[in-house]
Amino acid sequence: MSLIDDAAAVRLNAYAPYSKFKVGAALKTASGAIYVGCNVENVAYPEGTCAEAGAIAAMIAAGDTSFAEVAVIAESPSPVPPCGGCRQKLAEFADAGARITMATTGGVKQNMAVADLLPGAFDAGHMGSV
Ligand code: THU
C-alpha cells in the first residue's frame, strides 16, 4: 500500500458539506510512522481546516515532529496543490529533501520536493536575532 492509498482512504471521511470537495492527506516519517488527515469544514468557517493541516496535527499530537513524505489526493482533473497556508505548515515540519505526491482519484500523480512548493519560505532562522 502506498502513501497515496492511505490518503485516499482517509479522504472518504472528509467532512466537506459546503465545498463538496473532499481531500485526504497522509504523512510518513523517516522511521515509517504514518499520520493521516482529511478536510473538516464547519458552518461558521466553511473553508474549514485542510487535510494537510489535519495530518500535521495528528503527527504532532502523536509526538513526531517531522515527515519525509506527504501525499495529497482529491477528485480533480489535475493534482491539487496545497493552499498557501498549508505550504507554510508543510515547510515547517518537512525533513530536508522531503517529497510530496499530489494525486487525483482518477490516477494522475505529480511528485516534487516540498521545498519547491514555497521558495524563499519564512522560517525560524529569520527571527534569529530576537
Ligand atoms: N483543501 C484541502 O484540504 N487541501 C488542499 O490542499 C486544498 C483545499 C480543502 C479546504 C476546503 O475544505 C476545500 O478543500 C475547498 O477549498
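Quick note: structure is the one above.
First, a word on scope: everything that follows refers to the structure included in this document. (Residues numbered from 1 in each chain as written. Predicted model: local features only at pLDDT ≥ 70, side-chain atom pairs only at ≥ 80, totals over all residues. Heavy atoms only, no water.)

## As for the nonpolar core
Inference 1: The biggest cluster of nonpolar side chains holds 20 residues, and the ones touching the most others in it are L27, F67, V70, L90, I100 and V114.
Inference 2: When contributions to this core are tallied by element, the ones reaching two or more residues are strand 1 (23-28), helix 2 (51-62), strand 3 (67-74) and strand 4 (94-104).
Inference 3: Within the second largest apolar cluster, seven residues are counted, among which are I4, A7, A71 and I73. (Core = buried A, V, L, I, M, F, W, Y, C linked by side-chain atoms within 4.5 Å. Buried < 20%, exposed > 50% of the residue type's maximum accessible area, 1.4 Å probe, protein only. Helix = DSSP H or I, 4+ residues; strand = E, 2+ residues; numbered from the N terminus.)

## Here's the deal with unusual backbone geometry
Inference 1: Notably, K20 is not glycine yet its phi reads approximately 65°, a positive angle.
Inference 2: Its location among the elements puts K20 in the loop between helix 1 (3-11) and strand 1.

## Some details on the pattern of salt bridges
Inference 1: Taken as a whole, this structure holds one salt bridge when the rule is applied.
Inference 2: The partner of E75 in a salt bridge is R11, with the nearest N and O atoms 3.7 Å apart. Of the two residues, E75 is situated in the loop between strand 3 and helix 3 (84-93) and R11 in helix 1; the sequence distance between them amounts to 64 residues.
Inference 3: The exposure class of R11 is buried, given its relative accessible area of 11%. (Salt bridge = Lys/Arg side-chain N within 4 Å of Asp/Glu carboxyl O.)

## Section: the state of the cysteines
Inference 1: Applying the stated criterion to the full structure yields zero disulfides.
Inference 2: There is no disulfide at C83, and the cysteine sulfur nearest it, in C86, is 3.7 Å away. (Disulfide = S-S within 2.5 Å.)

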